[in-house]
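Fold and geometry: a report
What follows is each chain in one-letter form.
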Amino acid sequence: LATIREQGSWSGEFRLRSKDKALMLADGRISGLLLDGQPHYLSVFQDVTQRKRAEQRLAEALDLNQKITAASSLGIVAYRASGQCVLANDAAARIVGGTKEKMLEANFFQLDSWKGFGLLSFAKEVLRRKEPAAGEFRAVTSFGKELWLAIRATTFVSGGELHLLAMVEDATERKHSAALL
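Residues numbered from 1 in each chain as written. Predicted model: local features only at pLDDT ≥ 70, side-chain atom pairs only at ≥ 80, totals over all residues. Heavy atoms only, no water.

**A look at the packing of aromatic side chains**
A full pass over the atoms with the stated rule returns five aromatic pairs. Consider the rings of Phe108 and Phe109, whose centres lie 4.7 Å apart with planes at 35 degrees: the pair is tilted. On the basis of relative accessible area, Phe108 is assigned to the buried category, the value being 0%. Connected via pairs of aromatic rings, a cluster forms that spans Tyr79, Phe108, Phe109 and Trp114. A cation sits over an aromatic face here: Lys175 above Trp148, 4.5 Å from the ring centre. (Phe/Tyr/Trp six-rings, centres within 6.5 Å; stacked < 30°, edge-to-face > 60°. Buried < 20%, exposed > 50% of the residue type's maximum accessible area, 1.4 Å probe, protein only. Lys NZ or Arg CZ within 6 Å of the ring centre and 35° of its normal.)

So, in structure tokens, the structure goes:
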């Protein structure tokens, strides 16, 4: 309270107990003022317990999603409907022989590797129909790697915008083994 007398007011996050003794989190402000030469304190608090709990659950869900994406042996890539890559995991970069950073810079509408091997038509069709689809494509990636890709794709909406999600596997070894039979 001495700080409030010197500085006039203090605001921040508080841990308080409600009337029923439950712990609550509050954003608040305490202001000191003099009335008839006597110090008085005015406090205003807003219970933010539910918001803080929701923020914690959201942070935990985001952390879990990031860990699952990073740990997956499947290549996971997401694109806006405009073609801009917005997510690529390490497995996707390894499969196509590139880096996540380069993948995130790419727009599939501008990639010759997508145009020449049927990937662009496949992506456009999935986006148009908004239904899951799967396909296998012989391709030479933008990074120069020649391979067979097994792709399962679907759409989702995020931030009001349509996206394409692709799960990618390197099917080269399986295709070569099947050709030998």
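**Some words on unusual backbone geometry**
One non-glycine residue, Lys21, lies in positive phi territory at about 75 degrees. Its relative accessible area of 62% is what places Lys21 among the exposed residues. Here Lys130, not a glycine, exhibits a phi torsion of approximately 55 degrees, which is positive. Mapped onto the elements, Lys130 comes out in the loop between α6 (119–129) and β6 (133–140). (Helix = DSSP H or I, 4+ residues; strand = E, 2+ residues; numbered from the N terminus.)

**Considerations on the pattern of salt bridges**
What the rule picks out here adds up to 14 salt bridges. Here Lys52 makes a salt bridge to Glu13, at a shortest N to O gap of 2.9 Å. Placement of Lys52 in helix α2 (residues 49–71) and of Glu13 in strand β1 (residues 9–17) is noted, with a sequence separation of 39 residues between them. In this structure Lys52 comes out as partly exposed when scored by relative accessible area, which is 22%. Ionic pairing is found between Glu169 and Arg152, a salt bridge with its closest N-O pair at 3.2 Å. Taken as a pair, Glu169 in strand β8 (residues 161–170) and Arg152 in strand β7 (residues 146–158) lie far apart in primary sequence, 17 residues in all. Taking relative accessible area as the criterion, Glu169 reaches 35% and is therefore assigned partly exposed. On the basis of relative accessible area, Arg152 is assigned to the partly exposed category, the value being 36%. Residues joined by salt bridges that share partners form a network here, namely Glu125, Arg128, Arg129 and Glu131. (Salt bridge = Lys/Arg side-chain N within 4 Å of Asp/Glu carboxyl O.)

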